[in-house]
Protein chains: 2
Amino acid sequence: MPSSTVISLDAMGGDQGPPVVVAGVRAYRQRHGGEGVRFLLHGDETAIRAELLRCGLDESVCEVRHTDKVIAMDEKPAQAMRRGKGSSLWNAIEAVKLGEAGAVVSAGNTGGLMAISKLILRMSAHGLERPAIVASWPTLRGVTAVLDVGANVESDAEQLVEFAIMGEAFHAAVHSHGGRPTIGILNVGSEDMKGHDEVREAHRILRADGAGLNLDYKGFVEGDDIAKGTVDVIVTDGFTGNIALKTAEGVARFISALMKEALSSGPMARAGALLALPALKRMRQKIDPGAINGGPLLGLNGIVVKSHGGADAKGFGNAIRIAVDLARSDYLVKVSTSLQRLTTVLEQSPALVEPVTEPAQ
Amino acid sequence: MPSSTVISLDAMGGDQGPPVVVAGVRAYRQRHGGEGVRFLLHGDETAIRAELLRCGLDESVCEVRHTDKVIAMDEKPAQAMRRGKGSSLWNAIEAVKLGEAGAVVSAGNTGGLMAISKLILRMSAHGLERPAIVASWPTLRGVTAVLDVGANVESDAEQLVEFAIMGEAFHAAVHSHGGRPTIGILNVGSEDMKGHDEVREAHRILRADGAGLNLDYKGFVEGDDIAKGTVDVIVTDGFTGNIALKTAEGVARFISALMKEALSSGPMARAGALLALPALKRMRQKIDPGAINGGPLLGLNGIVVKSHGGADAKGFGNAIRIAVDLARSDYLVKVSTSLQRLTTVLEQSPALVEPVTEPAQ
């Protein structure tokens, strides 16, 4: 573990800006100690200092870097890129590029964060249009990392394999802390012949070279394997991943609404709910979005963590926790080594990336 | 409503065969009256007659068509097609082709049912590799039909429009009983520029010609719109649809397991659960797979309804209900007219089916 880890924060990002970001630093320190972790806070100095005072944090932990300029939550990515230079978001990312910080956390405009991160840090993965977003999904067995859940609408076989490499390194750094995560590719069935060309080709590459890439590849998994926690990392294109994630959120809200309705449907049910309340509250925490807040953007030459715009201090604190775990791990080196090895593997076995010609089953 | 509706049943299909199929007929009649509905039961005469006697059903309602031959639940589609002739599944479908029955219900081998249905009845929709499967999804506002959920892994724009036509006619016949269902295309965002070429092109066709096809097209919807019930019919390719459906099933089971754990986590919680039990049971019924069992295979020249292999009598009865509603409606005529109109629309405006060339957003 390095003697000091520096995390760069976009203090103006999110629906509330400094009050949540600074309280998030406090929440992180209360929960995780935060020894040896310092912060660079980019944004309005007066507003930030007022919050630091309120939270009892001083300059030895939180260094303020003033800027007046802020990117609005509703600015388009192209606009954010054009006029973003010198903004709190821009400066926060630049601190990673300059080596002043090991990671950046922002609750700001997602499109702007993606575009400016890509511009400043550049992609490390080959051919990705945008950084991949990884979701940490609560399951019956722990947490499964699902990626990509939103940025890359179409992904070829090589990109799916890159997702496997990045997702595995992420899970090892943040959720299994150095263990060897297992990997699956999301498909409509578990037989080798199922699915479209891209997933079958990625499956072939991982089957053949998973060991060479030091990946524990388990094969195809289906939609219901996500919540089961069948594997630690699930790889899919951004279109399918985004729809799976939002479908799951919708179903969770639907069941929660039905449960609320059921538990208030009469005096007996209401009395029962009252008795079971503490247990039900503990259950809710297991699927609380705040507890799993913090989605890293993978595939960049640097660590960027996106917090939900509406996250509270506890949620922002969790995004900081993910950034610290990634910054302190060998994540970037591991991914870079594996991506280089993948390039060699694909060059040496060109047959592997030719289109699969057998008819789909 | 015709004076008599005949439903053809594969009495040997499913995990249990005649006991569930015949009890399913009784369950359907108990729940829906079943006046003017007769059944043709294909399979082992002795076994079927024993069940008819047990259920108090006679020849005026249930006509038995004997055959010794049965397709096993685990036979591959190609094998089922090769040796399927004369089997209970084959004969049940053939009765629809011959005009003896208005619809067929089978809880048998899905792959075999698809392959033999396609062989005997032929596809009505253009270019589909296999019939589309539609899922009836319980939502906050009623039931949303989602298709395709499994058979066609890749779908071009024209096929997505065909799913819209078939899904709308299905919803009108079974869930909104003649109303004008609203339609959405599943995508990663609601803006016109989001998603891949196929969904954007289908969106353009439906935007331009939804009115000409007499469809109430509302635009793109996202994953969480499924359980919200934002629209009545949601169109997607079989890969995404299958993964969304199974992801949702997984999440529902995950929450159900957490709830069970929470409600048995101590004496207070257990007492609360006991009091709230009737309300919780009513809630479970709303998401009970049996209550929503019965997935029609769409795109065929005839009505084929698949029941889950493990469905109980109530579940099989619900699949019969769907088959009866479809057989008594103008579903087949409506779909056939719309598909013809679509062909004309696409021929007259060839520009519409050219690939979209703008960059994806």
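Up top is the structure.
Quantities reported herein were computed from a predicted structural model and do not represent experimental measurements. (Residues numbered from 1 in each chain as written. Chains lettered and ligands numbered in written order. Predicted model: local features only at pLDDT ≥ 70, side-chain atom pairs only at ≥ 80, totals over all residues. Heavy atoms only, no water.)

Chemist: Summarise the relation of the copies chain B and chain A; cite the residues concerned and give the values.
Modeler: Once chain B is rotated about the relating axis by 180° and shifted along it by 0.1 Å, it coincides with chain A to within an RMSD of 0.1 Å. Taken together, the rotation and translation relating the two chain copies correspond to the operation of a two-fold axis. For chain B, the minimum C-alpha distance to the rotation axis belongs to Gly-272 of chain B and amounts to 1.8 Å. Here 100% of the contact residues of chain B are again contact residues in chain A; the copies associate through an equivalent surface. (Least-squares fit on C-alpha atoms with pLDDT ≥ 70 in both. Contact = heavy atoms within 4.5 Å.)

Chemist: I'd love a proper account of the sheet that holds strand β1 (residues 5-10) of chain A, names of residues and values included.
Modeler: Residues and elements named next belong to chain A. Taken in spatial order, the 11 strands make up an open sheet running β3-β2-β1-β4-β11-β10-β5-β6-β9-β7-β8, and their pairing is mixed. At either margin of the open sheet sits one strand with a lone partner, and together these are β3 (62-66) and β8 (216-221). On average, each strand axis in the sheet is tilted by 25° relative to the strand beside it, whichever way the strands run. Summarising the sheet, strand β10 (residues 295-298) and strand β11 (residues 304-306) pair through 3 bridges and their orientation is antiparallel. By the bridge assignment for β11, Pro-296 is matched with Val-305. Where helix α11 (residues 313-328) meets the sheet, its contacts fall on β1, β2 (37-43), β4 (103-106), β10 and β11, and the angle it forms with β1 comes to roughly 140°. (Pairing = 2+ DSSP bridges. Helix = DSSP H or I, 4+ residues; strand = E, 2+ residues; numbered from the N terminus. Axes fitted to C-alpha atoms, helices over the stretch in contact; angles between N-to-C directions.)

Chemist: Talk me through the sheet that holds strand β5 (residues 132-139) of chain B; I want residue IDs and the actual numbers.
Modeler: All names here are of chain B. In spatial order, the strands read β3-β2-β1-β4-β11-β10-β5-β6-β9-β7-β8; together these 11 strands make up an open sheet with mixed pairing. For this open sheet the edge positions go to β3 (62-66) and β8 (216-221), each flanked by a neighbour on one side alone. This sheet shows a mean twist of 25° between the axes of neighbouring strands, independent of strand direction. Strand direction decides the pairing type here: strand β2 (residues 37-43) and β3, joined by 5 bridges, are parallel. Following the sheet pairing, Leu-40 is matched in β3 by Glu-63.

Chemist: Report on unusual backbone geometry, specifying residues and quantitative values.
Modeler: Only a minority of non-glycine residues have a phi that is not negative, and only a minority of peptide bonds are not trans. All names here are of chain A. With omega at 0°, the peptide bond leading from Leu-147 into Asp-148 counts as cis. With respect to the helices and strands, Asp-148 occurs in the loop between β6 (142-147) and α6 (157-174). Positive phi values are uncommon outside glycine, yet Arg-122 reaches one of about 70°. Along the chain, the position of Arg-122 falls in the loop between α5 (110-121) and β5 (132-139). A positive phi angle, near 60°, is found at Asn-214, a position not held by glycine.

Chemist: Account for the interface of chain B and chain A, with residues named and values stated.
Modeler: The partner chain A presents 55 residues to the 55 residues of chain B that form the contact. A buried area of about 4800 Å², summed over both sides, lies between chain B and chain A, and 75% of it is on carbon and sulfur atoms. Interface area lost by chain B to chain A is led by Phe-239, Phe-254 and Leu-275 of chain B, which between them contribute 13%. In this structure, the connection of chain B to chain A is made through 4 salt bridges. When the shortest N-O distance is used, the salt bridge between Arg-253 of chain B and Asp-224 of chain A registers 3.4 Å. Going through the elements one at a time, β5, α8 (224-228), α9 (238-262) and α10 (267-286) of chain B are the ones with two or more residues in the side of chain B that touches chain A. Tallying contributions element by element places α9 of chain B first for the side of chain B that touches chain A, with 20 residues. When grouped by side-chain class, the residues that make up the side of chain B that touches chain A number 32 nonpolar, 13 polar and 10 charged. (Buried area = accessible area lost by both parts, 1.4 Å probe. Salt bridge = Lys/Arg side-chain N within 4 Å of Asp/Glu carboxyl O. Nonpolar A, V, L, I, M, F, W, Y, C, P; charged D, E, K, R; others polar.)

Chemist: Give me the pattern of salt bridges: which residues, what numbers.
Modeler: Residue and element names in this part refer to chain A. In total, this model carries 31 salt bridges over all chains according to the counting rule given. Between Lys-228 and Asp-225 there is a salt bridge whose closest N-O contact spans 4.0 Å. Of this pair, Lys-228 and Asp-225 are both found in helix α8 (residues 224-228), 3 residues apart, which corresponds to roughly one turn of the helix. A relative accessible area of 38% places Lys-228 in the partly exposed class. In this structure, a network of salt bridges that share partners links the residues Arg-38, Glu-63, Arg-65 and Glu-100. (Buried < 20%, exposed > 50% of the residue type's maximum accessible area, 1.4 Å probe, protein only.)

Chemist: Provide a residue-level description of the pairing of β4 of chain A, including the pertinent values.
Modeler: All names here are of chain A. A two-sided burial pattern is seen for β4, the buried positions comprising Ala-103 and Val-105 on one face and Val-104 and Ser-106 on the other. In this structure, β1 lies alongside β4, joined through 3 bridges in parallel fashion. Within the sheet, the bridge partner assigned to Ile-7 lies in β4 and is Ala-103. Of the strand pairs in this sheet, β4 and β11 are connected by 3 bridges, and their pairing is parallel. Residue Ser-106 lies in a different strand from β11, and its bridge partner there is Lys-306.

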